[in-house]
Amino acid sequence: MKILARLVVAVITLGVGSHAWAQTVTLSCEEPEASALRGAPLGATRASDRLTVNWAHGSTVFTDSGTTAGYIGGIAYSYCGFNATVGLHLIHKTIEDEWTGVLVDHATGKVLPAGGWVSFAPQGTRYFAATHENGLAVEKWYIYGRDGSLLWNGRAGMFERHPSADYEDIVATLDRPRWGPNGELQATLTCAIGPEKPPTTVTLTRQS
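(A) Here's a closer look at the sheet that holds strand S2 (residues 44-47). In spatial order, the strands read S2-S3-S4; together these three strands make up an open sheet with antiparallel pairing. Two strands bound the open sheet, and with one partner strand each, they are S2 and strand S4 (58-63). Averaged over all adjacent pairs, the angle separating strand axes in this sheet is 15°, with direction ignored. In terms of strand pairing, S2 meets strand S3 (residues 50-55) through four bridges, oriented antiparallel. In the strand pairing of S3, Ala 47 is matched with Arg 50.

(B) How the structure looks around the pairing of strand S11 (residues 140-145). Of all six residues that make up S11, five are buried, and the element is covered over most of its length. By the bridge criterion, six bridges tie strand S10 (residues 126-133) to S11 in an arrangement that is antiparallel. Bridge assignment links Ala 130 to a residue of S11, and that residue is Trp 141. Two elements, S11 and strand S12 (residues 150-155), share five bridges in a ladder whose sense is antiparallel. What sits directly across from Trp 141, in S12, is Gly 154. What sits between the antiparallel neighbours S11 and S12 is a turn of four residues, in which Gly 148 has the positive phi angle 90°.

(C) Local environment of the environment of Val 138. Assignment of secondary structure puts Val 138 in the loop between S10 and S11. For the pair formed by Val 138 and Arg 155, sequence separation is 17 residues and the distance between their alpha carbons is 6.7 Å. Not counting residues within four places of it along the chain, the set of residues in contact with Val 138 comprises His 132, Arg 155, Ala 156, Phe 159 and Ile 170.

(D) Main features of the sheet that holds strand S13 (residues 157-161). Strand order across the open sheet formed by four strands is S13-S14-S15-S16, with antiparallel pairing between neighbours. Both edges of this open sheet fall to S13 and strand S16 (200-203), since each of them pairs with a single strand only. In this sheet, neighbouring strand axes are inclined to one another by 30° on average, regardless of whether the strands run parallel or antiparallel. Two strands pair when backbone bridges link them, and strand S15 (residues 185-191) and S16 are joined in this way by four bridges, in the antiparallel orientation. Residue pairing in the sheet places Ala 187 in a bridge with Val 202 of S16.

(E) Structural detail: the pairing of strand S14 (residues 168-179). In the sheet, S13 pairs with S14 via five bridges, with the strands oriented antiparallel. In the strand pairing of S14, Glu 160 is matched with Asp 169. Inspection of the sheet shows S14 paired to S15 by six bridges, in the antiparallel sense. Bridge pairing links Trp 179 to Leu 185 in S15. Taking the residues that link successive antiparallel strands as the turn, the S14-S15 hairpin has five residues, and the phi of Gly 183 there is positive, at about 85°.

(F) Main features of the nonpolar core. Counting 18 residues, the largest nonpolar core has Phe 128, Trp 141, Leu 174, Trp 179 and Leu 185 as the members making the most contacts within it. Put simply, the parts of the chain that give this core at least two residues each are S10, S11, S13, S14 and S15. Tallying contributions element by element places S14 first for this core, with four residues. One finds Val 86, Leu 88, Val 118 and Tyr 127 within the second-largest nonpolar core, a separate group that totals 15 residues.

What counts as what
- Residues numbered from 1 in each chain as written.
- Predicted model: local features only at pLDDT ≥ 70, side-chain atom pairs only at ≥ 80, totals over all residues.
- Heavy atoms only, no water.
- Pairing = 2+ DSSP bridges.
- Helix = DSSP H or I, 4+ residues; strand = E, 2+ residues; numbered from the N terminus.
- Axes fitted to C-alpha atoms, helices over the stretch in contact; angles between N-to-C directions.
- Buried < 20%, exposed > 50% of the residue type's maximum accessible area, 1.4 Å probe, protein only.
- Contact = heavy atoms within 4.5 Å.
- Core = buried A, V, L, I, M, F, W, Y, C linked by side-chain atoms within 4.5 Å.

In structure tokens form, the structure reads like this:
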């Protein structure tokens, strides 16, 4: 299909990796908050609806708001963990029915955009983040610079407008996002319609 051909041909390389890092660094929210809090280097605490994260020269407080037990809604935060290699804390953030996250720079206290999990490129100058909104078929993917500047964003799939109805069909899905050896983002593409084809690796490449 034309749209798949465009993806494979035009699909990411955002710079060249470095041999300084032997592997990528990933932060996720799989660990229960109670145990994750104990791993914060200068301490992080939960007090009812307030999460306090201590960093090198201060602390940042995240306050839940508008949340109701047993219902999706409001804003809620939970502490996910700290990684010393990148010097960042990951905080899970739920906004209404969207699951996302933020990073806190341990050295400066700066709050950076993130997702439910993040993965740093081998060089450490860029990171990938994934978010998900309840009811949507695929995740939203982002690539940020180390300073939190947005470099790219897109959906974890390829869509085609239905010819006679006001909706889109999923023609391919993207999963297993990972950084390639040269610092490029790669993913596994699987066709959702048409003749069955084996999954293939695609690479996001910079255009102009």
